[in-house]
Amino acid sequence: MLAEHITTEYRIALPPWVGDELADVPDVVPDRDDRMRLVHRLADRNWREGNGGPFAALVAESETGRIVAVGVNVVLASGVSSGHAEVVALGLAQGRSGTWDLGGAGLPAHELVVNWRPCIQCYGATMWSGVRTLVVAGDGPELEEITTFDEGPLGSDWAEQFERRGIRVVRDVLREEALGVFRAYRAGVDSGGSTVYNARQGTSAGTTAGTTASTSAGTTAGTTASTTEATA
Ligand SMILES: [Zn+2]
C-alpha cells in the first residue's frame, strides 16, 4: 500500500566543507562587504566541490552583522531541485531562530545576502521569510548569460515589489567578484567538469554533452530529467 512506499521526509543539509570555510569566521561580521565576501567564497567553492551551482547566501542581523545561517546551492548533492542557496540559508536561519517569520515581534531585523538577484523560486522564498533587507551582488542578465542557468520569468518590477512589502533591496555589493565566480564556473562547465542542472537538460548548443542548459534554448533533444542530478 502507498503508506508503505511514500517517503516521509527529505534532507537538505550543508556539505561538511562549509565547516572548514567557516572555521576562521567570527560570529559577527559587521561590514556588509565582508559578509558578501564570505558569500562569494562559499559560492566559488560550492561548484568546485560538485555540490551544486555557484551560489551561496547568508542570513545576518542587519544591525550587528551577527551571522545567523549560511546556505549554498545543494541541488546536485541533495537531488532536490528547490535546494537553492537562499532557501537553504533562510530555512536554517528559521530553524535556528525557532520561527518561520524572521521579521517577527521581538526579533532584530534580518537581511539575506546573496551573490545575485534571486530566481523566481527564491524570490517568493525571500518575500515570505520575514527578512527586512535583501543584499545582492548584482541584478543584471549577466548571471544567465555567463552560466546559462534559467532563473525564470522574474518581473522587471521585482525589486519594487520587495520594497512595497517593506523589504529593502541593496544592490551592487562586490559585483565584479560575483561575475568572477560565474566566469570561473562557466570555464569549469565548458571543460566538462561541472553540470548546469536546469531541468530537461539538453545536449546541443555547442558545449560538451550533458553540460548544457536547455530550458531557455529549447533544445531538449529527447532527454528526460534525471532525478539524480539534472533536475531544476
Ligand atoms: Zn533560487
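For the structure itself, look to the data block above.
Residues numbered from 1 in each chain as written. Predicted model: local features only at pLDDT ≥ 70, side-chain atom pairs only at ≥ 80, totals over all residues.

K.L.:
Looking at this structure, how should I read the sheet that holds strand S3 (residues 110-114)?
P.N.:
Each strand in a sheet pairs with another by means of backbone hydrogen bonds, the pair being arranged parallel or else antiparallel. Spatial ordering of the open sheet is given by S2-S1-S3-S4-S5, a layout of five strands whose pairing is mixed. The sheet terminates laterally at strand S2 (67-72) and strand S5 (168-170), the two strands that pair on one side only. Each neighbouring strand pair of the sheet contributes to a mean axis angle of 15 degrees, computed without reference to strand direction. Pairing of strand S1 (residues 56-61) with S2 involves five bridges; the strand directions are antiparallel. Of the residues in S2, the one forming a bridge with Ala56 is Val72. (Pairing = 2+ DSSP bridges. Helix = DSSP H or I, 4+ residues; strand = E, 2+ residues; numbered from the N terminus. Axes fitted to C-alpha atoms, helices over the stretch in contact; angles between N-to-C directions.)

K.L.:
Please explain the pairing of S3 as it appears in this structure.
P.N.:
The buried fraction of S3 is high, at five of five residues. Of the two faces of S3, the one lined by His110, Leu112 and Val114 and the one lined by Glu111 and Val113 are each fully buried. Across five bridges, the pairing between S1 and S3 is antiparallel. Of the residues in S3, the one forming a bridge with Val59 is Leu112. Relative to strand S4 (residues 133-136), S3 runs parallel, the two being bridged by four bridges. In the strand pairing of S4, Val114 is matched with Val136. This β-α-β element, S3 to helix H6 (residues 120-127) to S4, shows right-handed connectivity. (Buried ≥ 20, exposed ≤ 12 C-beta atoms within 10 Å, placed from the backbone. Right-handed = clockwise from strand over helix to strand, strands pointing away.)

K.L.:
What's the story with the nonpolar core in this structure? I'm lost.
P.N.:
Where a protein is soluble and globular, its nonpolar side chains tend to be buried together. In terms of nonpolar packing, the biggest core is built from 56 residues, with Val39, Leu58, Val59, Ala89 and Leu112 touching the most fellow members. Leave out the neighbours within four places in its chain, and Ala89 touches Ala57, Leu58, Val59, Ala69, Val70, Gly71 and Leu112. (Core = buried A, V, L, I, M, F, W, Y, C linked by C-beta atoms within 7 Å. Contact = placed C-beta atoms within 7 Å.)

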